[in-house]
Structure formats: structure tokens, C-alpha cells
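Chains, contacts and geometry: an overview
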Amino acid sequence: MKDQNINPLEDTESEAALAYAEERKENIRAFVRTSPDYYIANFDKVGASARFTATFNFFAGLFGPIWFGARGLWSWALSFLIVEAIAFVQIARGLFGDLASDAMARIASIEGTLELRRQQLAAAIESGSDRVDAFQRAVDGLEANIGGIRAEAEALAEQGPTIALTGLAVLVAVKLVEAIVANWALEARFSEWLSNRSLRSGMPISQIAFSAIFMVLIVAVAMVNYSFPGRFEILSNFPTTPEIRLVSIEGVEAFFNWAVLNGEALFDGITYCIRLMLDALELIFVSTPWIVIAALIILLTWLTAGVRMAIYSGAFLAYMGLLGFWEKAMTTLALLGTAACLSIIIGIPLGMFAARRPRFYAFIQPIMDFMQTMPAFVFMIPVIAFFGTGKPAAVVTTMIFGGTPVVRLTVLGLRGVPESVREAAISFGANKWYLLTKVDLPLASPSIRAGINQTIMLSLAMVVVASLIGAKGLGEDVLEALQYANVGQGILAGFAILFCAMILDRIVQGQRK
């Protein structure tokens, strides 16, 4: 009679437990396909504890990364491949490598100079020149240098056995680690396979062949390259010809020449629109009396971020005015405001359109990645070609670099709106416009505001770069300080840029409590 005090969850003899154990065995057989009894015993041992359980898999240790790759454990395979490649390279270098090749190349280089100095010494002796001693000292120094390098080369050559033994020790150690962790890693893969049967199981012949060829090729190439440096040119330098680069350069230049000639009206129209907004903002910030602008900024900061931040804003503005940065700071804000406003006007509607259209967002995402990751000095080249130098070109450059966060975070915010809330609004008769303006945008507003904030901050980061193509403002002072190593001017102008960023950040993100 069965003991009634046994916990049903711990009863391994119950029908449910026996059925589960049999099902697990069948799943293991279907997963491993080779040596099922061995893996059933080891998987049970590994699964019995939540901690790492050491077992020993001889074939995993013998074949190493090939076994792990064939089993689909590529993260483990690549890690072990790197370590094994290093070990094999050390063994090959120690046994067959020319360890003194670099030193002998240096000796050959010095010997050419030595021969020249000997000829000069012989000529000086023959002519009775007073520079004989100088040439003699040069020859003696070069000979001593060659002797030291030769001794170094001999010492390196004698290190071959030590290097080989070190590589062998590393190889044995990594083989032991592979054998010990193999079953534990495969059992974790088995647990994933149970919940996702699309994962590859077993050891298909194609995977074994691919894994073996890949691993052997990587290790063999590494061994040859490091054991015989410079012996095979194809391993040292990528096979190419200068003509490929020249033809590519000509093609790019031809495209931009065609775009400049045929798109003049388009670029002139864009420049005109930018100039209209830029002139309007410069009229507001630069021509308006400073006391009016300062009062409005302080009031706006107080309304959005509170009294304390308003006091800080007043102090920051006083810093700019007392140090003579006021006009340049206002010019910077006008330039930044133009770029940020255009980025926001374009970015938020674009994000709203892309939020519910995954294919369109997948299309523009690589373009935005390009805009954010391409160095600013690279995309300044086509901007100058299309728009020339000056403030409109600086605005376009700033928009390219700083315009993507508002799109990304608008998409993120709108996609983060709970579907249950949208369904509730639709069930009460909300149309698309009401759903957008009263549900989606209010709930997504924190993310959208963060996007606006990031756009403004990234635009400020382009102030110095934009000054390279004719933009005035604080960036011009920083650029001048860099050119003439004027540390004081650069630091003070940098703080002025920082204070502009802090004021704008608090106005956009701050909320009065």
C-alpha cells in the first residue's frame, strides 16, 4: 500500500510521473538522434539540479567547435573556436614559425644604411675629410644596433618550444572545458527545443560538413598567416586593384554632378523655405531687445519647469550676456530652432504614418540608421554640393543628424498605446481622428516629448560642426579656439552651448510640480 504521507509532486512512482519520464525519454531520443541512452542518463543528471552539473562528453572534447556547431550551439562553437585557434597558432608558431622574421627584416633595413655609411666613411678617409670620426661613430652605432637585434632574434628563435608547449596547454585546457560543458549546454538547448520545435535537432550530415569545413578553414588560415607572416600575400592584403576604387569615385562624382545640374530648382526651393524660417527666427532672437527675450525665456521656463529652473535660466542667460556671448547665443538658437522645428514638423507626422504601417517603417529604418551613423563630415560633402556653404546648408546638416529620434520615438510611443484602450474607444464610437487626437497622441506624448528633446540635444551637438560650413554662433568661437589653441575662449563658449541645451531641455521636458 502506497504511503499517504508522500508529496504527490515528489512521488516518482506515480502513473503521471512515469508517463512524464517516458515522454521525456522519447523527446530526448527525437532531439539527439545519436546515442540516446547516453544523453538520457546525462540529461537526467543535469536536469536534476538548477546549478551547473559537470558531465564528460568525450566526442565534444575531441571535436570541439565542430561538435558544438553541428549540434546548433553556435555561440559556444564560436567562443571555443577563437580559443582553439589561438592555441593552434601558438603550437604552429612554436614548431614551424619563423619567430625572428621581424627582427631579420629590421636588420636588413639597417644593413642598407650601414653600407651607405661605410661608403661615406671610405670616401672621407680617402679625401682626408674632418668628418671621419662622425662617420666612424655612425658605422659603429649601426653595427652595435645590428648586433643587439641579432641577439634578440636568436632569443626569439629559442622561445619556440616554450610557445608550442603553452599553446598545447591551452588546447588541452579548452578541450577539457568543452567536454565538461557540452552536455549541460545541449540540455539547455533541449529545453528550448521542447517549447519551440522549429529549432534544429540532431546532427544532420550537412551541418556536420559545414561546421567541420568552416572550423578547419578558419584555424588553418590563422595558423599559416601567423606562422609564416608575409609569405602569402592574399592572407595579408585584400585582393583588389586601384582601378576599382577609381571607377567607383568617378561614378559617385558623375551622379552628384547630374543631381546638381538637374535638381537646381528643387534645392533652391528648399533653401528658400529654410531661409524664410531662419530669417524670421533671427529677427525674433537677435533683433528683439535682450531684456524681452530674456524675460520670455525665464517666464517660459517657470511655466514649464518651476521657479528653481527659472532662476537657473536667468543665471545662464546672465552668463551669456556678461561674457559677450548674447548675440552669438541667439544666432545659435535661431539656427537650432530652424533645424529642430523643421525636424519636428517633418518627423512627428512621418512617425504617425509609420507607426501603423510596419512595411513603410521597415523601409525608412535603414535610411534613418544611415543618417545617424554616417559621420557628419561625410554627409556634409553632398550637402555642400547641393546647397553650397552658409546657414541653410548648416540647417540641412543638423536636420540629417538630429532629425531621426523624433521619428523613432513617435513610432515607439504610438505602438506602445495599449490595444485594449484603443478597442474601448472604438467600441464607444470613436472615429479615426478622435482616436488619434484623444487616445493615441495623449498616451504617446511622453515618448514624443522625449523624441523632441533628443532632436534638440543632437541638433545642439552639431553647433561646432555646422560652423565649419559657414554657420555663425557659438560654434564659431569654439572652432576658432581649436584653431588657435585658445583654451579659455573654447571652454567659455562650450559652457554657453551647454547652458542653451539645459534651458531647452527643461522647457521641453520639465513639468511644474
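What this report covers is the structure whose coordinates are included nearby. (Residues numbered from 1 in each chain as written. Predicted model: local features only at pLDDT ≥ 70, side-chain atom pairs only at ≥ 80, totals over all residues. Heavy atoms only, no water.)

1. Structural notes on the packing of aromatic side chains
A complete count under the given rule lists 27 aromatic pairs for this structure. For the pair phenylalanine 255 and phenylalanine 256, a centre-to-centre distance of 5.5 Å together with 75 degrees between the ring planes defines the contact as edge-to-face. Considering the side-chain rings of tyrosine 312 and phenylalanine 316, the 6.5 Å spacing of their centres and the 15 degrees angle between planes classify their relative orientation as stacked. Here tyrosine 312 and its partner phenylalanine 316 are both found in helix α14 (residues 307-322), 4 residues apart, which amounts to about one turn of the helix. With relative accessibility at 43%, the residue tyrosine 312 sits in the partly exposed group. The exposure class assigned to phenylalanine 316 is buried, which follows from its relative accessible area of 11%. (Phe/Tyr/Trp six-rings, centres within 6.5 Å; stacked < 30°, edge-to-face > 60°. Helix = DSSP H or I, 4+ residues; strand = E, 2+ residues; numbered from the N terminus. Buried < 20%, exposed > 50% of the residue type's maximum accessible area, 1.4 Å probe, protein only.)

2. Let's talk about unusual backbone geometry
One non-glycine residue, arginine 33, lies in the positive phi region at around 65 degrees. By the element assignment, arginine 33 lies in the loop between α1 (15-32) and α2 (36-47). In this model, serine 35 sits at a positive phi of 50 degrees, which is unusual for a non-glycine residue. Note on placement: serine 35 falls in the loop between α1 and α2. Judged by relative accessible area, serine 35 falls into the partly exposed class, the value being 45%.

3. So, the packing of helix α5 (residues 74-96) against helix α9 (residues 205-227)
Taken N-terminus to C-terminus, the directions of α5 and α9 make an angle of 35 degrees; their axes are 9 Å apart at the nearest point. Crossing hand, α5 versus α9: right-handed. Within the contact between the two elements, α5 uses Trp74, Ala77, Leu78, Leu81, Ala85, Phe88, Val89, Ala92 and Arg93 and α9 uses Gln207, Phe210, Ser211, Phe214, Met215, Ile218, Val219, Ala222, Met223, Tyr226 and Ser227. Looking at the contact of α5 with α9, its residues break down into 16 nonpolar, 3 polar and 1 charged. (Axes fitted to C-alpha atoms, helices over the stretch in contact; angles between N-to-C directions. Left-handed = near helix turned anticlockwise from the far one by under 90°. Contact = heavy atoms within 4.5 Å. Nonpolar A, V, L, I, M, F, W, Y, C, P; charged D, E, K, R; others polar.)

4. Let's talk about a nonpolar patch on the surface
A cluster of nonpolar side chains, Phe52, Phe56, Phe58, Phe59, Leu62, Phe63, Leu165, Leu168, Val172, Leu176, Ile180 and Trp184, forms an exposed patch at the surface whose accessible area comes to about 1,200 Å². Those elements that place two or more of their residues in the nonpolar patch are α3 (58-63) and α8 (160-195). With 6 residues, α8 is the single largest residue contributor to the nonpolar patch. (Patch = residues over 30% accessible without salt bridge, like charges linked within 9 Å, V, L, I, M, F, W, Y side chains within 5 Å. Areas by Shrake-Rupley, 256 points an atom, 1.4 Å probe, with all protein chains shown as cover. Salt bridge = Lys/Arg side-chain N within 4 Å of Asp/Glu carboxyl O.)

5. What about the side chain of threonine 53?
Tracing the backbone shows threonine 53 in the loop between α2 and α3. Owing to a relative accessible area of 12%, threonine 53 belongs among the buried residues under this scheme.

6. A few points about the environment of asparagine 262
Along the chain, asparagine 262 falls in helix α11 (residues 242-262). A residue is classified by how much of its surface remains accessible, and asparagine 262, at 51% relative accessible area, is exposed. At 2.7 Å, the side chain of asparagine 262 and the backbone oxygen of tryptophan 258 are in polar contact. (Polar contact = N/O pair within 3.5 Å; in protein donor to acceptor, adjacent residues only side chain to side chain.)

7. Some thoughts on the side chain of serine 211
The residue serine 211 is located in helix α9 in this model. Separated by 3.0 Å, the side chain of serine 211 and the backbone oxygen of isoleucine 66 make a polar contact. Apart from the residues lying within four places of it in its own chain, the contact partners of serine 211 are Pro65, Ile66, Gly69, Ala70 and Trp74.

8. Describing helix α13 (residues 290-305)
A rise of 1.5 Å per residue sets the reference length of α13, with its 16 residues, at 22 Å; its end C-alpha atoms lie 22 Å apart and thus fit the reference within 8%. What α13 keeps buried is the set Ile293, Ala294, Ile297, Thr301 and Thr304. Burial along α13 is one-sided: seen end-on, the buried residues are contained in an arc of 110 degrees. In α13, those exposed residues whose orientation departs by more than 90 degrees from the buried face are Ile291 and Leu296. Just past α13, the residue glycine 306 takes up positive phi, approximately 105 degrees. (Expected span 1.5 Å × (residues − 1). Arc of directions from axis to C-beta.)

9. A look at the state of the cysteines
A full pass over the atoms with the stated rule returns 0 disulfides. Residue cysteine 273 stays outside any disulfide, its sulfur separated by 14 Å from that of cysteine 341, the closest cysteine. Here cysteine 500 is not cross-linked by a disulfide; its sulfur's nearest cysteine counterpart is in cysteine 341, at 15 Å. (Disulfide = S-S within 2.5 Å.)

10. Observations concerning the packing of α11 against helix α17 (residues 376-387)
Running from N to C, α11 and α17 cross one another at 35 degrees; their axes reach a closest spacing of 9 Å. Of the two elements, α11 crosses α17, and the hand of that crossing is right-handed. In contact with Phe256, Ala259 and Val260 of α11, α17 contributes Pro382, Ala385 and Phe386. Along the lines of polarity and charge, the residues of the contact of α11 with α17 split into 6 nonpolar, no polar and no charged.

Bear in mind that shape data such as this cannot, by itself, settle questions of function.
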